[in-house]
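Listed below, chain by chain, are the residues.
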Amino acid sequence: MSPLPHHLLPDTATVLADGSLSVGGVPLLDLASQYGTPLFVYDEQHLRNRCREAVESFGADSVVYATKAFLCKAMARLAHEEGLMLGVATAGELYVALAAGVPAGRCVFHGNNKSADELRYAITAGVHHINVDSFDELDRLEVLRAEGIPVPRVALRITP
């Protein structure tokens, strides 16, 4: 078996003398012994480096972290600290982002099955914009507007 190419490993990964792997200075065998397997290990420096590269390449208002990939308060905070907006698809994801200290204006609300309650929550929280996926969703937004909820900024996702 050939070794995994180093460029595929996290930025702080090192191969130890015994051939095992360390990430962020922590031997993975030690983590496996302590917590068992399977175990998810994230390299914070690697994540920050990738976020910075994206922002440098495309600009802070053009890069949106897809929270569906992995979301907890620490990850939401990290992405925000590095200049990314957060793409949230549910009220629960928006709640986690807000609880992490991410301003609602740095969140984009998307998803193809948003309820009127979720739309109300997103609008009143002040999300940057809502990606609208259907005419039914436009109708829900119109009902909310008639109730006195402010008109949100929207982006239309169209399937030709």
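For the structure, see preceding data.
Predicted model only: the values in this text are computed from it and were never measured.

### Observations concerning the overall build of the protein chain
And then number 1: Helices and strands together make up the secondary structure of the protein chain, namely six helices and eight strands.
And then number 2: Order of helices (α) and strands (β) in the protein chain, N terminus to C terminus: β-β-β-α-α-β-α-β-α-β-α-β-α-β.
And then number 3: Taking the principal axes of the C-alpha coordinates as reference, the protein chain spans close to 65 × 35 × 30 Å.
And then number 4: The proportion of buried residues among the 160 residues of the protein chain is 31%.
And then number 5: Considering only contacts within the protein chain whose residues lie at least 6 apart along the sequence, 37% involve residues at least 24 apart.
And then number 6: The centroid of the 13 positive side-chain charges in the protein chain is displaced by 5 Å from the centroid of its 19 negative side-chain charges.

### Remarks on a nonpolar patch on the surface
And then number 1: Residues Phe 135, Leu 138, Val 154, Leu 156 and Ile 158 make up a contiguous nonpolar surface patch of about 540 Å² in total accessible area.
And then number 2: Mapped by element, the contributors of at least two residues to the nonpolar patch are helix H6 (135–146) and strand E8 (154–156).
And then number 3: Leu 138 gets classed as partly exposed once you look at its relative accessible area, which sits at 34%.

### Points about helix H5 (residues 116–125)
And then number 1: For H5, the set of buried residues is Glu 118, Leu 119, Ala 122 and Ile 123. Buried residues of H5, viewed axially, fall in a sector of 130°; they line one side. For H5, the exposed residues lying more than 90 degrees away from the buried face are Asp 117 and Thr 124.
And then number 2: Those residues of H5 that are buried lie in contact with helix H4 (91–99), strand E6 (107–109), strand E7 (129–132) and H6.
And then number 3: Positive phi shows up at Gly 126, right after H5, with a value of about 95°.

### Some points on unusual backbone geometry
One can expect most non-glycine residues to show negative phi and most peptide bonds to be in trans.
And then number 1: Pro 38 follows Thr 37 through a cis peptide bond whose omega is 0°.
And then number 2: Tracing the backbone shows Pro 38 in the loop between helix H1 (28–35) and helix H2 (44–58).

What counts, and at which threshold
Each chain carries its own residue numbering, running from 1 in the direction its sequence is written. Local features are withheld for residues below a pLDDT of 70 in this predicted model, meaning they are given only at 70 or higher, and side-chain atom pairs are given and counted only at 80 or more; totals for whole chains, interfaces and linings count all residues. No hydrogens and no water enter the side-chain calculation; it runs on all heavy atoms of the structure. Numbered from the N terminus, helices here are DSSP runs of H or I no shorter than four residues, and strands are runs of E no shorter than two. When accessible area is computed with a 1.4 Å probe and restricted to protein chains, residues below 20% of their type maximum are described as buried, those above 50% as exposed, and intermediate ones as partly exposed. We call two residues in contact when some of their heavy atoms are within 4.5 Å. Under the counting rule used here, the positive set is Lys and Arg, the negative set is Asp and Glu, and His together with the chain ends is not counted. Note on charges: their place is set at NZ of Lys, CZ of Arg, CG of Asp or CD of Glu. Candidates for patches are residues over 30% relative accessible area with no salt bridge; among them, like charges are joined within 9 Å and nonpolar side chains (Val, Leu, Ile, Met, Phe, Trp, Tyr) within 5 Å. Each accessible area is a Shrake-Rupley result for a 1.4 Å probe, and residues are judged covered by the shown protein chains and nothing else. Salt-bridge detection follows one rule: a side-chain nitrogen of Lys or Arg within 4 Å of a carboxyl oxygen of Asp or Glu. Each C-beta atom gives one direction from the helix axis, and the arc is the one those directions make.

Honestly, it's all geometry; don't read function into it.
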